[in-house]
Amino acid sequence: MARQINGAVKVARAYFEAMANKDVAGVVALAAEQVTCDSPAGSLSGVQAYRGFHEGFARMLEKLTLQALFGDEERAVIVYRADTLPVKGGYVTEHLTVRGGKIVADQFIYDATPYAAYLAALPQR
């Protein structure tokens with residue numbers, strides 16, 4: 001008997017694929033109009049702020065590698081490795097809340113240590 005993929009996991013997989021392909025329009029299409037996001041850029045509210053965050057992320061993204069994806073009908077967790085222009089191999093976890101096939105909340109959990117080291121190594125102005 002084939003295992004059926006539930007709604008939140010399906011949305012989370014599509015979201016990850018859109019991010020990995022730098023498809024900001026695809027990411028935004030999966031978000032609710034009033035999406036909230038606790039991101040490395042701070043707390044964001046609304047689809048336009050979410051778009052802006054993902055536009056910036058896409059500009060610095062080199063590669064995403066999926067590590068894990070699981071969830072239930074309304075929540076999904078994605079764990080991935082992010083290779084970005086400033087930092088290679090940063091690990092990120094996102095907790096998505098999905099309702100009606102749309103992401104209504106997105107919470108990022110990540111290790112900021114490699115990013116802090118990158119910033120500390122930049123020449124002082």
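Heads up: the structure comes first, above all this text.
Here is what the cut-offs are and how they apply
Residues numbered from 1 in each chain as written. Predicted model: local features only at pLDDT ≥ 70, side-chain atom pairs only at ≥ 80, totals over all residues. Heavy atoms only, no water. Helix = DSSP H or I, 4+ residues; strand = E, 2+ residues; numbered from the N terminus. Expected span 1.5 Å × (residues − 1). Buried < 20%, exposed > 50% of the residue type's maximum accessible area, 1.4 Å probe, protein only. Contact = heavy atoms within 4.5 Å. Phe/Tyr/Trp six-rings, centres within 6.5 Å; stacked < 30°, edge-to-face > 60°.

J.: Just checking my understanding: could you explain helix α1 (residues 7-20) for this structure?
T.: Each full turn of the α-helix corresponds to 3.6 residues, which orients residues three or four apart in the same direction. The terminal C-alpha atoms of α1 lie 20 Å apart, and with 14 residues this matches the ideal 20 Å at 1.5 Å per residue to within 8%. Residues of α1 that are buried include every one of A8, V9, V11, A12, Y15, F16, A18 and M19, and no others. Directly beyond the C-terminal end of α1, a positive phi value near 55 degrees is found at K22.

J.: For this particular structure, what's the right way to read the environment of S39?
T.: Tracing the backbone shows S39 in strand β1 (residues 31-39). Judged by its relative accessible area of 12%, S39 falls in the buried class. Linking S39 and F53, residues 14 residues apart in sequence, is a C-alpha distance of 8.3 Å. Sequence-distant contacts of S39, that is, excluding residues within four places in its chain, are made with L44, F53 and F108.

J.: Whenever I open this one, the packing of aromatic side chains confuses me. Can you help?
T.: To describe a pair of aromatic rings, one takes the distance between the centres and the angle between the planes. This model, assessed by the stated rule, comprises three aromatic pairs. Each ring, one from F16 and one from Y80, has its centre 5.8 Å from the other, and the planes form 55 degrees; the classification is tilted. Taken as a pair, F16 in helix α1 and Y80 in strand β4 (residues 75-84) lie far apart in primary sequence, 64 residues in all. Residue class for F16 comes out buried when judged on its relative accessible area of 5%. For the ring pair F53 and F57, a centre distance of 6.5 Å and an interplane angle of 10 degrees mean the geometry is stacked.

Limitation: the analysis is restricted to geometry and does not speak to function.
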